[in-house]
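Observations on chain architecture
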2 protein chains.
Amino acid sequence: MSDRPRIYLYDTTLRDGAQTQGVDFTAADKAAIARELDALGIDYIEGGWPGANPTDDAFFADPPRFKRARLTAFGMTRRPGRSAGNDPGLNALFNATDGVPGAGVCLVGKTWDFHVDVALNIPRGENLDLIRDSVAETAARGREPLFDAEHFFDGYKANPDYALACVRAAYEGGARWVVLCDTNGGSLPHEVEAIVAAVARIIPGDRLGIHCHNDTENAVANSLAAVRAGARMIQGTLNGLGERCGNANLISLIPTLSLKMGYETGVDGEGMRRLVHVSRLLDDRLNRAPNRHAAYVGESAFAHKGGLHVSAVEKDPTSYEHVPPEAVGNRRHVVVSDQAGRSNVLARLREVGISIEPGDPRVGALVEAVKRREFEGYAYDGAEASFELLARRTLGTLPDYFRLISFRVLDERRWNAQGQLVTLSEATAKLEVPGVADALMTVAEGNGPVNALDTALRKALIPAYPHLDGMRLVDYKVRILTPQDGTKAVTRVMIETRMPDGAPWVTVGVSANVIDASFNALFDSITYCLYRAGATVPTA
Amino acid sequence: MSDRPRIYLYDTTLRDGAQTQGVDFTAADKAAIARELDALGIDYIEGGWPGANPTDDAFFADPPRFKRARLTAFGMTRRPGRSAGNDPGLNALFNATDGVPGAGVCLVGKTWDFHVDVALNIPRGENLDLIRDSVAETAARGREPLFDAEHFFDGYKANPDYALACVRAAYEGGARWVVLCDTNGGSLPHEVEAIVAAVARIIPGDRLGIHCHNDTENAVANSLAAVRAGARMIQGTLNGLGERCGNANLISLIPTLSLKMGYETGVDGEGMRRLVHVSRLLDDRLNRAPNRHAAYVGESAFAHKGGLHVSAVEKDPTSYEHVPPEAVGNRRHVVVSDQAGRSNVLARLREVGISIEPGDPRVGALVEAVKRREFEGYAYDGAEASFELLARRTLGTLPDYFRLISFRVLDERRWNAQGQLVTLSEATAKLEVPGVADALMTVAEGNGPVNALDTALRKALIPAYPHLDGMRLVDYKVRILTPQDGTKAVTRVMIETRMPDGAPWVTVGVSANVIDASFNALFDSITYCLYRAGATVPTA
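Residues numbered from 1 in each chain as written. Chains lettered and ligands numbered in written order. Predicted model: local features only at pLDDT ≥ 70, side-chain atom pairs only at ≥ 80, totals over all residues.

Each helix and strand in chain A was counted, giving 18 helices and 16 strands. Here the C-alpha coordinates of chain A stretch approximately 85 × 75 × 45 Å along the principal axes. In chain A, which comprises 540 residues, the share counted as buried stands at 51%. (Helix = DSSP H or I, 4+ residues; strand = E, 2+ residues; numbered from the N terminus. Buried ≥ 20, exposed ≤ 12 C-beta atoms within 10 Å, placed from the backbone.)

The following block contains the structure:
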């Protein structure tokens, strides 16, 4: 262990992040993200609000098991007029975390006198009882109690004595962490620093947390200001996801705390090198384009433009880069430079396990092929399988398992004779399989054109390649791209496929036509499956 | 005039912003953006670097005339071994600003000893002469001189005496503003505040500026920290455009300075109400989707979710919103989601201009309809047009403009007689348009099935509804949803459509079949267009 002061990280991507407009996690999304957070080294993972919606209930009904992180359920302090032991909301939290080792319960309560008067409409003293009782009951039930002090900064500005009385009640009730929330997101760093310092005079810093929103673009700075004033826990989200303008971005905070401010977090050097991956994973789950300008992890975060500057960077990166890109899993990106393309491609080849001499002339051909494809709209960052196939094709190490002669897909919607609305997708495919047939024709139906086409292709191929049996398309994403010249939009399709027992692989296809783009991605997906299974072409 | 301290705003969107990866302004773009900046009330508008590229030369050959702003040209201090009067770079700047009343010239120079030694490779004392001479020559030529102190913060951390000597040379040379640049973007707010305070002991604050980058997501906070330490000018860009992770975002800084920190800027209340417009204008010019989570100006910046919370917001907005949305030209936005109840739906109805008594039984029917649809996979919080249509349909105030009898879409890929790969999408549609035809049939091709279907539908409808002419599909997103029961995946399609001159609208469609889901979204999109245009059904 180091002797650097320890900052605890509390992720609320799955709860506050789920409030983001346009975000709609499934329980499976939540479980996958939670496992990544645990692997990253996050201390607390807030899974959701049990009782608030079916997704959160489903998540807590079968929560992932964590190696290191503490699973936390979010909820409210007890209602007025009930004992904490009989409060249905609190009991829902205790039930949801039953049997989860070391589970935490984070309770939000009011600390702004105005909200107590108007929203709760109870005497201010009674609100203190609500807080103290609820936290104490949580501790009594064997859960680690945390208290989220809602609207704390606005409350403190309006009535510091009352706001302090509220957090003191939580502290006295036994809260492990009292978390000061800038709920409306309007506070500025100098205010946060001064107010947290005032609170730290009555609650020790190692019991104090901070929860900021980005409404003035200061959520990260506000979190750092609180840490400087003594707080030792930060609540935030991946990529700053969250309601309105988002929450404090843990992806930015983690390297700043560790690399620049001398703090220790649960994220070690290895975890830090996963930051780019974790950030992209969340975007993938949300079907969002990654922000290429994101601090630390954006594709452009370490981009350098051509010329003199670039050679200076290569001579002495530390004088042009505020941190080493590889420390956060990113890479230097030299814009408009063959050399950079080449070293990137070599690095990616090593990543997929292809060893080749740097001087091999086929590397240049591959660099050209990647550039041409990227110009057309292909993106290989999230589609490693397609990159590997492009590389093996260019290097001449990939067999031609089959060739498409043609396909046709028909989608129909009409009212049938019984007066019901019916939808039908039917695909025909004509393929050449070397050594088997020159023109295999198959037809299949599906629930949608891509499913029909996939089924028709595999119907034709499985007799020759039983390896494809069980292959299943698990995700399908479409995005319209408008290339730089702006004349003609193209469609990019990404397909995620898996075998029943293996890791999924992602392929990409681009075309002006979404079905054609889907075929291109399907073609790669099938080819990759065959290559990985070690299939051989049944030619004479 | 107020007696609040005045902060000067210096926009570098057209120069540092133009360095952004993927950004490629034309001279016309630059002129249009510059005029908006002037109308907004920005004090200094940096037009570019004359002599560096043809676009910047074209801009300065015919610069827009400003009502209030000072046009500034950017360049470098003189080269070693030349007098300032004979330096070709400096003379290009003077020529470019010749005849422009009150023009400024902003010169960048080195202040980090390491860069002087390694990049310039001249004695450190000579660099001081470069700075002093260049600034003095600029003043002598009647331009307002500004000095951008490159890598100042890294330089100060390495060798404070030398960094200070550099900015003192600029000040003594007559620089109106000495601007401290965090060129690599790695400094943190507490460092910036301390270092600016140190500089302010030798250069008065009303001659000091700050220039920050967002590499740690602190560019806004760093700029505010500098102001708190005495600096009185901020350099930044619209929407935080800029190399790597971007520059300090003036759009966020302006309302924070004025509404929260008691400073005056050149942007008055009327200018501030143009912030949303100016921010979107830049995105339009760049053909980028606006960031809906942007501070102050994002579409979601004043979005509210959740039942109880929404009724409280309506009672007293100031206790839930850090500034009034209309102060920055934005508006409150009540989100419809599955966490929403009756009060959300009522608020959302008011927002789209539907007035209804809260007790009306149709409200209950609508809440049920929204819940049922959301269970099926619909999501209305990004698809307001579909929500409005669902509401009007449930309330019985939406005409049936047309009815689909059937459609059929054919996609084909094959090798043609010339040995070329061809792709074709063809759609037939059969519609009933009341008062026109019981079974209108049309057929159309398209670059993809959705485009073909859209074209066939509109071909059938435009004779009866010329309102649809010019309607254009601008975005198309697909997501596969796996509902809780996990048995059958459904596809959700979101379509964004716009008329040539209006705001876009977003609709949503869900089905197990992607084409069918697309049709559902298209149907809403066409219906919404007709409703907004006030179309009437041509029935007898």
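This paragraph deals with the sheet that holds strand β6 (residues 177-181) of chain B. Residues and elements named next belong to chain B. Read once around its circumference, the closed barrel built from eight strands follows the order β1-β2-β3-β4-β5-β6-β7-β8, with strand pairing classed as parallel. Put simply, the sheet's adjacent strands are angled 25° from each other on average, direction ignored. Two elements, strand β1 (residues 8-11) and strand β2 (residues 44-48), share two bridges in a ladder whose sense is parallel. What sits directly across from Asp 11, in β2, is Ile 45. (Pairing = 2+ DSSP bridges. Axes fitted to C-alpha atoms, helices over the stretch in contact; angles between N-to-C directions.)

In this structure's numbering, the residues bearing the UniProt feature "domain: Pyruvate carboxyltransferase" (unreviewed entry) are residues 7-273 of chain A. Helix makes up 42% of residues 7-273 of chain A and strand 16%. Its end C-alpha atoms lie 19 Å apart. (UniProt positions renumbered as here; feature names shortened; annotations may be inferred.)

Turning next to the interface of chain B and chain A. Taken residue by residue, the interface counts 83 residues in chain B and 88 residues in chain A. Taken together, the residues of the side of chain B that touches chain A sort by class into 31 nonpolar, 32 polar and 20 charged. For strand β11 (residues 403-415) of chain A and strand β11 (residues 403-415) of chain B, the ladder comprises nine bridges, and the chain directions are antiparallel. Within β11(B), the position partnered with Glu412(A) by the bridge is Arg408(B). (Contact = placed C-beta atoms within 7 Å. Nonpolar A, V, L, I, M, F, W, Y, C, P; charged D, E, K, R; others polar.)

Residue and element names in this part refer to chain A. Within the element layout of this structure, Arg 65 appears in the loop between α2 (54-61) and β3 (70-76). Looking at Arg 65, the number of C-beta atoms within 10 Å reads 10, which means it is exposed. Considered as a pair, Arg 65 and Tyr 171 are 106 residues apart in the sequence and their alpha carbons are 29 Å apart.

Attention now goes to unusual backbone geometry. Note: most peptide bonds trans; most residues except glycine with negative phi. Residues and elements named next belong to chain A. Of note in the backbone geometry, Asn 121 takes a positive phi value of approximately 60° without being a glycine. Note on Asn 121: 9 C-beta atoms within 10 Å, which makes it exposed. If you check the backbone angles, His 151 has positive phi at about 50° while not being a glycine. Along the chain, His 151 falls in the loop between β5 (144-150) and α6 (152-158). Judged by local crowding, His 151 falls into the buried class, with 24 C-beta atoms found within 10 Å.

Moving on, we come to the pairing of strand β5 (residues 144-150) of chain B. All names here are of chain B. Of all seven residues making up β5, six are buried, and the element is well covered by its neighbours. Here strand β4 (residues 104-110) pairs with β5 via seven bridges, running parallel. Looking at β5, one finds that Val 108 is bridged to Asp 148. Relative to β6, β5 is paired through four bridges, and the arrangement is parallel. Residue pairing in the sheet places Phe 147 in a bridge with Val 178 of β6.

Let us look at helix α5 (residues 124-140) of chain A. Residues and elements named next belong to chain A. The end-to-end C-alpha distance of α5 is 25 Å, a good match for the 24 Å that 17 residues give at a rise of 1.5 Å each. Where α5 is concerned, the buried positions are Asn 127, Leu 128, Leu 130, Ile 131, Arg 132, Asp 133, Ser 134, Val 135, Glu 137 and Thr 138. In this structure, the buried side of α5 is in contact with α3 (88-96), β4 (104-110), α4 (113-120), β5 and α7 (160-173). Directly after α5, the chain includes Gly 142, whose backbone phi takes a positive value near 80°. (Expected span 1.5 Å × (residues − 1).)

All right, on to the sheet that holds β5(A) then. In sheet architecture, strand pairing relies on hydrogen bonds along the backbone and comes in two forms, parallel and antiparallel. Residue and element names in this part refer to chain A. Read around the closed barrel, eight strands run β1-β2-β3-β4-β5-β6-β7-β8, paired in parallel fashion. When the angles between neighbouring strand axes are averaged without regard to direction, this sheet yields 25°. Sheet contacts for helix α1 (residues 27-40): β1 (8-11) and β2 (44-48); angle to β2, the most-contacted strand, approximately 175°.

Here we come to the packing of helix α16 (residues 384-395) of chain A against helix α18 (residues 514-532) of chain A. All names here are of chain A. Running from N to C, α16 and α18 cross one another at 75°; their axes reach a closest spacing of 10 Å. As the angle between them shows, α16 and α18 are arranged roughly perpendicular. Residues Ala 385, Ser 386 and Leu 389 of α16 lie in contact with α18, whose contacting residues are Asp 524, Thr 527 and Tyr 528. Residues belonging to the contact of α16 with α18 are distributed by class as follows: three nonpolar, two polar and one charged. (Parallel < 35°, antiparallel > 145°, perpendicular 65-115°, else oblique.)

Turning next to the domain arrangement of chain A. The parts lose accessible area when they come together, and the size of an interface is often stated as this lost area. Its domain assignment divides chain A into domain 1 (8-267), domain 2 (303-395) and domain 3 (403-532). Averaged C-alpha coordinates put domain 1 of chain A and domain 2 of chain A at centres separated by 41 Å. (Domains from an automatic or database assignment.)

In this structure, Val178(A) and Val178(B) are the most contacted members of the largest nonpolar core, which totals 198 residues. Residues within four places of Val178(B) in sequence aside, it is in contact with Phe147(B), Ala149(B), Val167(B), Ala170(B), Tyr171(B), Ile203(B), Arg207(B), Leu208(B) and Gly209(B). Counting residues in each nonpolar core, the second largest holds 108 residues, with Val493(A), Ala391(B), Val490(B) and Leu530(B) among its members. (Core = buried A, V, L, I, M, F, W, Y, C linked by C-beta atoms within 7 Å.)

Residues and elements named next belong to chain B. Among the structural elements, Ala 226 can be located in helix α9 (residues 219-228). A residue is classified by how many C-beta atoms lie within 10 Å of it, and Ala 226, with 31 of them, is buried. C-alpha of Ala 226 to C-alpha of Ala 369: the two residues are 143 residues apart in sequence and 53 Å apart in space. Among all residues touching Ala 226, those that are not within four sequence positions of it are Val 192, Val 196, Ile 210 and Ala 231.

Turning our eyes to something else, we now look at the environment of Ala312(B). Looking at the element boundaries, Ala312(B) is found in helix α13 (residues 307-315). Sequence spacing of Ala312(B) and Val367(B) is 55 residues, and the spatial spacing of their C-alpha atoms is 19 Å. In this view, Ala312(B) contacts Ala119(A) and Tyr320(B); residues no more than four positions away in its chain are not counted.

So, on to the confidence of the model for chain A. Residues and elements named next belong to chain A. Residues at a pLDDT of 70 or more form 94% of chain A, whose mean pLDDT is 90. Contacts from residues 336-340, a stretch scored under 50 in pLDDT, to residues over four places away or in other chains number five contacts. In this model residues 483-487 is a low-confidence stretch, pLDDT under 50, and it forms three contacts with partners more than four residues away in sequence or in other chains. In the predicted complex, the global pTM is 0.75; the interface-specific ipTM is 0.76. (pLDDT = per-residue confidence, 0-100.)

All names here are of chain B. The contact between helix α17 (residues 449-461) and helix α18 (residues 514-532) brings their axes to 10 Å, and the two run at 40°. The angle between α17 and α18 falls in the class oblique. Considering how the two elements wind past one another, α17 and α18 form a crossing that is right-handed. Along its contact with α17, which presents Pro 449, Val 450, Leu 453, Asp 454, Leu 457 and Leu 461, the element α18 presents Ile 515, Ser 518, Phe 519, Leu 522 and Ile 526. For the contact of α17 with α18, a count of residues per class yields nine nonpolar, one polar and one charged. (Left-handed = near helix turned anticlockwise from the far one by under 90°.)

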